[in-house]
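# A look at the structure
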Amino acid sequence: MFKALVITKPEAGYRCDLTELDEAQLPAEGDVTVRIDYSTVNYKDGLALTGKAPVVRSFPMVPGIDFAGTVTHSAHPKWNTGDRVLLNGYGVGEGHWGGLAQMARVKGDWLVALPAGLSARDAMSLGTAGYTAMLCVLALQRHWAAAGTAPGSGEVLVTGAGGGVGGVAISLLAGLGHTVVASTGRPQEADYLKSLGAASVIHRDELNAAGKPLQKERWIGVVDSVGSHTLANACASTRYGGAIAACGLAQGMDLPASVAPFILRGITLYGIDSVMAPMAQREAAWSALDRTLDRAQLAAITQEIGLQDAIAAGADILAGRVRGRLVVNVNA
Ligand code: NDP
């Protein structure tokens, strides 16, 4: 038997409960069984845990879009019992039982070897949010390398700075020598954001309403986890030849922008998807996180909670009440 959160949708309404399951109940689709050590609560997990958006596609569902743990059984040629692995996305926690549990059975093709320098707890302190932040940073780095833009030659904007993607992005960019401007709706967190490496902090109100199609050129690059007017304004204020990595929709899924900054300033908008990203990109991102991430800053970004606590944390993350990252000790 193992503990798991299980989402059901009876007539009385959508609900999530902590339950005991039998290993025999794990999904038949999957050739690797994993004993999970840690999982996490990302924004998308918040949507699944609360039912605020139709993220979960079949019921009953074990939520959790990522996990880290140890292989206990494998019929996949790449994995053996005892291997330390992590998983992000691939519809796990949405259409296939996920990581907010003590056990999972998944396809071996979805697993990534835990980098040598990261513990399972480190990996889930980063989680999909941290891995996505690295995908954004890698996209910007490739762009800057091609354009000959050096770190420190201009400001880089990080929106949704108080959240998970934002916090990791600040730490990574500052560690690479960039001058990071953090945009947040929580100015009381300015000291925290500066401790991660932000050179300055602006209020998100400066970005979240309709703005002019072309604004003062400011950013050499942007990591945006917010979307909507914020992303439109970020594009409008990106410097000639600069780039934006867009990964999120915390403000909204719309993009009320104009083509002006694209056709008059040659800016580039990179779309970042973590869920179906090719394996080579995942491995590159995790390996880069292992090489470059400041572990003390990761500790400052992270709070640990237990499996039962993850239910309430789903509502908290959607309400913007979570600072940084939540790592879930599924055995606590
Ligand atoms: P968090 O909830 O941790 O962070 C989101 C942050 O966005 C909040 O902390 C808040 O920051 C800011 N925010 C919230 N509401 C608004 C609003 N109405 N207007 C402006 N800013 C707002 O989520 P994550 O960091 O885990 O994820 C961020 C986004 O990225 C989500 O939309 C998520 O779905 C998406 N995402 C996408 C992935 C992909 O594969 N493309 C993978 C991972 C995440 P503050 O309080 O500082 O203002």
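Residues numbered from 1 in each chain as written. Predicted model: local features only at pLDDT ≥ 70, side-chain atom pairs only at ≥ 80, totals over all residues. Heavy atoms only, no water.

## Here's the deal with the site of the ligand
Taken together, 25 residues lie around the ligand, and Gly162, Thr184, Gly185, Arg186 and Ser274 are the ones closest in. One of the backbone nitrogen or oxygen atoms of leucine 249 is found 2.9 Å away from an oxygen atom of the ligand. If you list the elements that add at least two residues to the shell around the ligand, you get α2 (120-147) and α3 (164-175). Sort the elements by how many residues they give to the shell around the ligand and α2 lands first, with 3 residues. Split by residue class, the shell around the ligand holds 10 nonpolar, 12 polar and 3 charged. (Near = heavy atom within 4 Å. Polar contact = N/O pair within 3.5 Å; in protein donor to acceptor, adjacent residues only side chain to side chain. Helix = DSSP H or I, 4+ residues; strand = E, 2+ residues; numbered from the N terminus. Nonpolar A, V, L, I, M, F, W, Y, C, P; charged D, E, K, R; others polar.)

## Side note on the packing of aromatic side chains
Applying the stated rule across the entire model yields 3 aromatic pairs. Taking the centre distance of 5.9 Å and the plane angle of 85 degrees together, the rings of tyrosine 14 and phenylalanine 59 count as edge-to-face. In this pair, tyrosine 14 sits in the loop between β1 (2-8) and β2 (15-21) while phenylalanine 59 sits in the loop between α1 (43-50) and β4 (66-74), placing the two residues 45 residues apart along the sequence. For the ring pair tyrosine 131 and tryptophan 286, a centre distance of 6.1 Å and an interplane angle of 15 degrees mean the geometry is stacked. In this pair, tyrosine 131 sits in helix α2 while tryptophan 286 sits in helix α7 (residues 279-292), placing the two residues 155 residues apart along the sequence. For arginine 282, the ring lying beneath its charged end belongs to tyrosine 90, and the centroid distance is 3.9 Å. Directly above the ring of tyrosine 192 sits arginine 323, whose terminal nitrogen or CZ lies 3.8 Å from the centroid. (Phe/Tyr/Trp six-rings, centres within 6.5 Å; stacked < 30°, edge-to-face > 60°. Lys NZ or Arg CZ within 6 Å of the ring centre and 35° of its normal.)

## Regarding the pairing of strand β6 (residues 103-106)
Burial of β6 is two-sided: the residues Met103 and Arg105 facing one way and the residues Ala104 and Val106 facing the other way are all buried. As defined by bridge partners, strand β3 (residues 32-41) adjoins β6 across 4 bridges and the pair is classed as antiparallel. Directly across from valine 34, in β6, lies its bridge partner alanine 104. (Buried < 20%, exposed > 50% of the residue type's maximum accessible area, 1.4 Å probe, protein only. Pairing = 2+ DSSP bridges.)

## Some words on the pattern of salt bridges
Opposite charge on two side chains makes pairing possible when the charged atoms of those side chains draw close. Scanning the entire structure with this criterion turns up 11 salt bridges. Between lysine 44 and glutamate 94 there is a salt bridge whose closest N-O contact spans 3.1 Å. Taken as a pair, lysine 44 in helix α1 and glutamate 94 in the loop between β5 (84-88) and β6 lie far apart in primary sequence, 50 residues in all. Take glutamate 94: its relative accessible area is 9%, and that puts it in the buried class. Here the residues in one salt-bridge network are Lys44, Arg57 and Glu94, joined through shared partners. (Salt bridge = Lys/Arg side-chain N within 4 Å of Asp/Glu carboxyl O.)

## A closer look at the nonpolar core
Counting 94 residues, the largest nonpolar core has Val41, Ile170 and Trp286 as the members making the most contacts within it. Looking at this core element by element, the count peaks at 15 residues for α2. Each of domain 1 (2-114 + 301-329) and domain 2 (129-271) gives at least three residues to this core. Ile202, Val222, Ile244 and Ile267 belong to the second largest nonpolar core, which has 12 residues in total. (Core = buried A, V, L, I, M, F, W, Y, C linked by side-chain atoms within 4.5 Å. Domains from an automatic or database assignment.)

## Regarding the pairing of strand β11 (residues 219-224)
Burial analysis of β11 places 6 of its 6 residues in the buried class, the great majority of the element. For strand β8 (residues 155-158) and β11, the ladder comprises 4 bridges, and the chain directions are parallel. Counterpart to leucine 157 in the pairing with β11 is valine 222. In this structure, β11 lies alongside strand β12 (residues 238-246), joined through 5 bridges in parallel fashion. The residue of β12 that forms the bridge with tryptophan 219 is threonine 238.

## Some points on helix α9 (residues 309-318)
For α9, the complete set of buried residues consists of Ala310, Ala313, Gly314 and Ile317. For α9, the arc enclosing every buried residue in end-on projection is 115 degrees, short of the 170-degree limit, so these residues lie on one face. Where α9 is buried, its residues meet β1, β3, α1, β14 (302-306) and β15 (325-329). Of the residues trailing α9, glycine 320 is marked for its positive phi of about 70 degrees. (Arc of directions from axis to C-beta. Contact = heavy atoms within 4.5 Å.)

## Concerning helix α5 (residues 228-236)
For α5, the buried fraction is high: 8 of the 9 residues fall into the buried class. Within α5, the full set of buried residues consists of Ser228, Thr230, Leu231, Ala232, Asn233, Ala234, Cys235 and Ala236. On its buried face, α5 sits against β8, β11, β12, α6 (260-265) and β13 (268-271).

## A few points about the domain arrangement of the chain
If you check the domain split of the chain, you get domain 1 (2-114 + 301-329) and domain 2 (129-271). Taken together, the contacts link 10 residues of domain 1 with 13 residues of domain 2. Around 900 Å² of area is buried between domain 1 and domain 2 when both sides are counted, 58% of it from carbon and sulfur atoms. If you sort the residues of domain 1 by the area they bury against domain 2, Tyr43, Ile301 and Arg323 come out on top, with a joint share of 54%. Viewed at the interface, domain 2 and domain 1 are joined by 1 salt bridge. (Buried area = accessible area lost by both parts, 1.4 Å probe.)

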